[in-house]
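Breakdown of the fold
The chain contents come next:
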Amino acid sequence: MTTRARTTTVTWSEANARRLDRQFLSGVASAATGGGDTVAGAVAAMLGAHAQVLSAAELSVGLRTPGVTRTHVRTSLWSDRTLVKTFGPRGTVHLLPAADLPMWTGALSAVPAGTSPFSRDARMTPDQVEEVLAAVSDALTGAELTVDELSAEVIARTGPWAGDPVMPAFQGMWPRWRQVLHLAGHRGALRYAPNRGRKATYTRPGVTPLPAPEATALLAGRYLHAYGPATPAHFARWLAAPRGWAAGLFEELAGAGAIERVEFENCGPAWVATGDTLFPSAPPHGVRLLPYFDAFAIASRPRERLCPGAASGRALAGGQAGNFPVLLVDGTVAGVWHQRRSGKRIAVTVEPLSAGTLDAARLRELEGQVERLGSVMEGVATLTVGQVDVGGHA
């Protein structure tokens, strides 16, 4: 695929094609990405794999990395330790490259806290937050604890107030201190350890966060490389950061000459890393399946261009991406899909959103994607083209 410099307006097609390249979703690996030949390399290019549902993260990584299965991802996570499972952007569980953890913890801990979603009587004071974070770090040093064991240690180190059941949970109330569990991950005081039976455990990663200015500049540059052109508002939404803070960061980076402004079709002024103005000349092409909360679907904006027409109502949930696995056709969301596993058998149902979406050539590509899905998940996958009748995140 040829590239050309763009110094005026970057079209949606150009931006979308470059993002797909850099996400290893186009079949053309850009030399600037460093290659998608390792698990950690693919996760680094994605800027983290959403892992609230670990199987979805395994599939996100495997579909980008030739020959990789879910076992390779688990080995990278629990044995080789080239990946870390922790709280990443938006306070959600992600797989992150271990080598990038100083950047992530330095940057995430620098993001200003937003308004607390908890009632006034459930909130913690700033001093209590710091006390809990110190207790978590101390309790997890050299230990692997379940959340109940960690809770007992935190309460013992702080006081009964930390254990007050004030947080609405799935089947009851959680103790007060757990509202900053994700913040412990952002500070580098906590990461996931291997499960103990069916229970998750946590330990301390032993990482030294980069200084905030260095870390935030590095993360913003990585984001623009992967998902640019982008506006400060796009970056803020992706990171769940205040818009004013993101705008100030971009202003500082522009003043330092680290980023440059371009015009982005239908978005107005947007930003790329300085000198990173080469874009593919050919439009996106090909069929891809993306699982729940795939990084490409979450980060690509403007979202109405990625999910046009019927895709907006069918593939998004209240305007938010990620709740539905999606079918990409030529870089655009053109359907949803669902998988149902029974032993080694994986039944995949794909629902195109319009007639004629899957001609004979695209159907063959889709069959290849389903076969690859089966390989990644270490099963045998079969394809049915038909209606998906399950809700989001099912």
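Everything quoted here is computed from the prediction, not taken from an experiment.

Quick notes on the overall build of the chain
Along the backbone of the chain there are 15 helices and 18 strands. Relative to a compact globule of 394 residues, whose C-alpha radius of gyration would be 21 Å, the chain shows 21 Å and is just as compact. With respect to the principal axes defined by its C-alpha atoms, the chain has extents near 65 × 55 × 40 Å. By the burial criterion, 52% of the 394 residues in the chain qualify as buried. Partitioning the contacts of the chain with sequence separation of at least 6, the portion at a separation of at least 24 is 64%.

Points about the packing of helix H6 (residues 126-140) against helix H7 (residues 147-158)
Between H6 and H7, the shortest axis-to-axis distance is 9 Å and the interhelical angle comes to 125°. Taken together, the axes of H6 and H7 are oblique relative to one another. As for how H6 packs across H7, the hand of that crossing is right-handed. Between H6 and H7, the contacting residues are Glu131, Val132, Ala135, Val136, Asp138, Ala139 and Leu140 on the first element and Leu150, Glu153, Val154, Arg157 and Thr158 on the second. Along the lines of polarity and charge, the residues of the contact of H6 with H7 split into seven nonpolar, one polar and four charged.

A short note on the pairing of strand S7 (residues 165-169)
A regular strand places its side chains so that they alternate between the two faces of the sheet. Pairing geometry for S7 and strand S8 (residues 172-175), over four bridges, is antiparallel. Pairing of Pro165 across the sheet is with Pro175, part of S8. Adjacent in sequence and paired antiparallel, S7 and S8 are bridged by two residues.

As for the nonpolar core
The biggest cluster of nonpolar side chains holds 97 residues, and the ones touching the most others in it are Leu150, Trp177, Leu190, Phe235 and Trp238. Core analysis: the second largest hydrophobic core is formed by 18 residues, Leu59, Val287, Ala334 and Val370 among them.

Concerning the sheet that holds strand S17 (residues 345-352)
Pairing within the open sheet is mixed, and its five strands lie in the order S14-S15-S16-S17-S18. Two strands lie at the open edges of the sheet, namely strand S14 (287-290) and strand S18 (380-385), each paired on one side alone. Strand after strand, the sheet turns through a mean of 30° between neighbouring axes, direction not considered. Here six bridges tie S17 to S18, and the two strands are oriented parallel to one another. Bridge pairing links Arg345 to Val380 in S18.

Details of the pattern of salt bridges
Overall, the coordinates contain 14 salt bridges when judged by the stated rule. The salt bridge partner of Glu58 is Arg74, with a shortest N-O separation of 2.7 Å. On the criterion of sequence distance, the pair formed by Glu58 in helix H3 (residues 54-62) and Arg74 in helix H4 (residues 70-79) is long-range, its members being 16 residues apart. By relative accessible area, Glu58 is classed as buried at 1%. According to the relative accessible area criterion, Arg74 is partly exposed, its value standing at 35%. A salt bridge links Arg196 to Glu149; the shortest N-O distance between them is 2.8 Å. In this pair, Arg196 sits in strand S9 (residues 191-196) while Glu149 sits in helix H7, placing the two residues 47 residues apart along the sequence.

Brief notes about the sheet that holds strand S4 (residues 83-87)
If you trace the three strands from one edge of the open sheet to the other, you get S3-S5-S4, paired in antiparallel fashion. Across the chains shown, the open sheet's two edge strands, defined by having one partner strand only, are strand S3 (49-50) and S4. On the sheet, H4 packs against S4 and strand S5 (93-97) and is oriented at approximately 80° with respect to S4.

A closer look at the state of the cysteines
Following the criterion strictly, the structure yields zero disulfides and no others. Distance from the sulfur of Cys267, which forms no disulfide, to the nearest cysteine sulfur (Cys307) is 14 Å. On the basis of relative accessible area, Cys267 is assigned to the partly exposed category, the value being 25%. We classify Cys307 as buried; its relative accessible area is 5%.

Observations regarding helix H10 (residues 232-239)
Each α-helix winds once per 3.6 residues, and so residues spaced three or four apart point in a common direction. Burial runs high along H10: six of the eight residues are buried. Taken as a whole, H10 has its buried residues at Pro232, His234, Phe235, Ala236, Trp238 and Leu239. Those residues of H10 that are buried are in contact with helix H5 (101-108), helix H9 (212-227), helix H11 (243-255), strand S12 (268-273) and helix H12 (295-299). Looking at the residues trailing H10, positive phi occurs at Ala240, about 60°.

Digging into the environment of Glu365
Structurally, the position occupied by Glu365 is in helix H15 (residues 360-376). It is 7.4 Å that separates the C-alpha atoms of Glu365 and Gly286, two residues lying 79 residues apart in sequence. Ignoring sequence-local partners within four residues, the contact set of Glu365 consists of His285, Gly286 and Val287.

What to know about the confidence of the model for the chain
Considering every residue of the chain, the mean pLDDT works out to 93; 95% of them sit at 70 or more. Counting interchain partners and residues more than four positions distant, the pLDDT-below-50 stretch residues 28-35 has 12 contacts.

Some remarks on the pairing of strand S10 (residues 199-203)
Inspection of the sheet shows strand S6 (residues 145-146) paired to S10 by two bridges, in the antiparallel sense. Along S10, the bridge assignment pairs Thr146 with Thr201. In terms of strand pairing, S9 meets S10 through four bridges, oriented antiparallel. Note on S10: the bridge partner recorded for Arg191 is Thr203. Once S9 ends, the chain turns through two residues before running back antiparallel as S10, passing Gly197 with a positive phi of about 70°.

Scoring rules and cut-offs
- Residues numbered from 1 in each chain as written.
- Predicted model: local features only at pLDDT ≥ 70, side-chain atom pairs only at ≥ 80, totals over all residues.
- Heavy atoms only, no water.
- Helix = DSSP H or I, 4+ residues; strand = E, 2+ residues; numbered from the N terminus.
- Rg over C-alpha atoms; globule rule 2.2 N^0.38 Å.
- Buried < 20%, exposed > 50% of the residue type's maximum accessible area, 1.4 Å probe, protein only.
- Contact = heavy atoms within 4.5 Å.
- Axes fitted to C-alpha atoms, helices over the stretch in contact; angles between N-to-C directions.
- Parallel < 35°, antiparallel > 145°, perpendicular 65-115°, else oblique.
- Left-handed = near helix turned anticlockwise from the far one by under 90°.
- Nonpolar A, V, L, I, M, F, W, Y, C, P; charged D, E, K, R; others polar.
- Pairing = 2+ DSSP bridges.
- Core = buried A, V, L, I, M, F, W, Y, C linked by side-chain atoms within 4.5 Å.
- Salt bridge = Lys/Arg side-chain N within 4 Å of Asp/Glu carboxyl O.
- Disulfide = S-S within 2.5 Å.
- pLDDT = per-residue confidence, 0-100.

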